[in-house]
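# Close look at the chain arrangement
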Amino acid sequence: MTGVPASAAGGAPGASRAAAGAASAASAASGTVAGAAIGRAAARSADGGASSGAGQGATTGMDHGGAAGSGHGTPAGPDHRAAAAAGRGVAARADGGGTVVGDGSVSAVPQSDGKPARGGKIAAAAVNQASVWNIANLLTMLRLLLVPAFVALMLADGGYDPAWRSLAWAAFAIAMITDLFDGHLARTYNLVTDFGKIADPIADKAIMGAALVCLSALGDLPWWVTGVILGRELGITLLRFLVIRYGVIPASRGGKLKTLTQGVAVGMYVLALTGWLATLRWWVMAAAVVLTVATGLDYVKQAIVLRRRGIAERKAALEEKQA
């Protein structure tokens, strides 16, 4: 009979360790992936409690008169093993990705440290990526389709018929107006897509380039004007790609004014204007050329500054890392 109290006394510390292990496991279950470590610790603690409780019970039982003590020291074992299993379960579920909730289930919400769960970035990209067939991209596609239509209308009947030139102007005006709206709609309603990022600048330069080339081919606009404007546009686009590793050159107010002035000037040249309107369009085109050159030089300056700053920052980061 002396072995029974002794084993009970030996099992009490084991039971307390089991309770501690279960509490650790429950704490891990309410956490995130960090609960994996806590869960493993709980499992080890519970296992240690089980073996320690059994060992103490067995030792105490032997001290009080025989092997019966070891038999009474083991009943606490299932509780300890359950706590250990709970700890391992929490660790396994936490290691598997997602967030472990209070009932032990796994939730696919982001982790508490701000990092998304495994596969979260891919899922977020799939959700946030707008459909290609949105209103902003449709306007860009319309502008691309208007390029061949504009060229056909511009060169119809030798390119000097006022009626055809008026229709060509309408196509050009629609293209320029859609250029004002598609980017605004994409940014305002979160309709930005990879297709839009590529197609929008292509459509802009395509319609402007087609108009300038047609005007120069018909003898209405000197070729050097076409060369300056197109050379600047293509050069700045290439420059943006060259320095993109260091940062993005933002669009300036001068650049927006340049685009507006170019559109007005080219539109006036597309129309068969005479008299003082013909003289006015020459001055508008002159202003567009000046803005084209000035803003182009400004972009080159910004690109140089951006590149130097980027190189300096990388060098400083490398020196700090080596130190």
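These lines cover the structure that appears in this document, whether it is placed above or below. (Residues numbered from 1 in each chain as written. Predicted model: local features only at pLDDT ≥ 70, side-chain atom pairs only at ≥ 80, totals over all residues. Heavy atoms only, no water.)

### Considering helix α9 (residues 223-242)
For an α-helix the count is 3.6 residues per turn, leaving residues at separations of three or four pointing the same way. Note the cut-off: By definition, any uninterrupted DSSP run of H or I lasting at least four residues is a helix, any uninterrupted run of E lasting at least two residues is a strand, and each is numbered from the N terminus. In this scheme, a helix's expected span is set at 1.5 Å multiplied by one less than its residue total. Using a 1.4 Å probe on the protein chains alone, a residue whose accessible area is under 20% of its type maximum counts as buried, one over 50% counts as exposed, and one in between counts as partly exposed. Residues count as neighbours in contact if any of their non-hydrogen atoms are within 4.5 Å of one another.
Between its first and last C-alpha, α9 extends 28 Å over 20 residues, near the 28 Å set by a 1.5 Å rise per residue. Of all the positions in α9, only V225, T226, I229, R232, E233, I236 and L239 are classed as buried. Where α9 is buried, its residues meet α8 (194-217), α10 (253-270) and α11 (276-322).

### Things to note about the packing of aromatic side chains
For any pair of aromatic rings, the description consists of the separation of the ring centres together with the inter-plane angle of the planes. What counts here: Note on aromatic pairs: the rings of Phe, Tyr and Trp (six-membered ring only in Trp) are paired at centre separations within 6.5 Å, and the planes decide the class, stacked below 30 degrees, edge-to-face beyond 60, tilted for the rest.
Within the structure shown, the criterion is met by two aromatic pairs. Their ring planes at 45° and their centres at 5.9 Å tell us that F150 and F172 sit as a pair that is tilted. One end of the pair, F150, is in helix α6 (residues 135-155); the other, F172, is in helix α7 (residues 162-188), and 22 residues separate them in sequence. Here the two residues F150 and F172 agree in accessibility, since each one is buried. Seen from their ring centres, W282 and W283 are 4.9 Å apart, and the 85° between their planes marks the pair as edge-to-face. For W283, a relative accessible area of 56% gives the class exposed.

### Considering a nonpolar patch on the surface
Put simply, the rule is: A residue counts toward a patch only above 30% relative accessible area and without a salt bridge, and it is joined to like-charged neighbours within 9 Å or, for Val, Leu, Ile, Met, Phe, Trp and Tyr, to nonpolar neighbours within 5 Å. The Shrake-Rupley method, run with a 1.4 Å probe, gives the accessible areas here. Residue values count only the displayed protein chains as cover. Here, a salt bridge means any Lys or Arg side-chain nitrogen found within 4 Å of an Asp or Glu carboxyl oxygen.
Taken together, the side chains of V132, W133, I135, L138 and F195 make up a nonpolar region of the molecular surface, amounting to roughly 490 Å² of accessible area. Turning to its location among the elements, F195 is positioned in helix α8.

### Description of the nonpolar core
This is how the line gets drawn: Here, nonpolar core refers to any group of buried Ala, Val, Leu, Ile, Met, Phe, Trp, Tyr and Cys residues whose side-chain atoms link them within 4.5 Å.
Within the largest apolar cluster, 30 residues are counted, with the highest numbers of intra-cluster contacts made by F150, M154, F172, V266 and M285. For this core, the elements supplying multiple residues, two or more each, are α6, α7, α8, α9, α10 and α11. Ranked by residues supplied to this core, first place goes to α8 with seven residues. If near-sequence neighbours (up to four positions away) are discounted, M285 is found in contact with L221, V225, I229, A265, V266 and Y269. Counting residues in each nonpolar core, the second largest holds seven residues, with I236, V243, Y299 and L306 among its members.

### A few points about α6
Applicable threshold: Two axes are fitted around each residue, one to the seven residues ending there and one to the seven starting there, and the angle between them is reported as the bend at that residue. Under this definition, polar contacts are N or O atom pairs within 3.5 Å; protein pairs additionally need one hydrogen-donor-capable and one acceptor-capable atom, and for neighbouring residues in sequence, both atoms have to be side-chain atoms.
The end-to-end C-alpha distance of α6, which contains 21 residues, comes to 30 Å, matching closely the 30 Å that a straight helix rising 1.5 Å per residue would cover. Maximal helix bending in α6 amounts to about 30°, located at V147; proline P148 follows within four positions. Three or more residues of α6 are buried, namely A136, N137, L139, T140, M141, R143, L146, V147, F150, L153 and M154. In this structure, the buried residues of α6 make contact with α7, α8 and α10. With a side-chain oxygen lying 3.0 Å from the backbone nitrogen of A136, the N-terminal cap of α6 falls on N134. Trailing α6 by a residue or two, D157 shows a phi angle of about 55°, which is positive.

### Description of the environment of W223
Checked against the element boundaries, W223 lands in helix α9. Separated by 11 residues in sequence, W223 and L212 place their C-alpha atoms 8.6 Å apart. In contact with W223, not counting residues within four places along its chain, are V213, S216 and A217.

### Quick word on the packing of α8 against α9
Selection criterion: To get an axis, fit a line to the C-alpha atoms, keeping to the stretch in contact for a helix; angles then go from 0 to 180 degrees between the N-to-C directions. An angle below 35 degrees is treated as roughly parallel, one above 145 as roughly antiparallel, one from 65 to 115 as roughly perpendicular, and anything else as oblique. In a left-handed crossing the near helix is turned counterclockwise from the far helix by less than a right angle, and in a right-handed crossing that turn is clockwise. When residue character is reported, Ala, Val, Leu, Ile, Met, Phe, Trp, Tyr, Cys and Pro are called nonpolar, Asp, Glu, Lys and Arg charged, and the others, Gly included, polar.
Put simply, α8 and α9 touch, their axes get as near as 9 Å, and they point 160° apart. In terms of orientation, α8 and α9 fall into the roughly antiparallel class. For α8 against α9, the interelement crossing comes out left-handed. Residues K205, G209, L212, V213, S216 and A217 of α8 form the contact with α9, whose own contacting residues are W223, T226, I229, L230, E233 and T237. Its residues assigned to classes, the contact of α8 with α9 shows six nonpolar, four polar and two charged.

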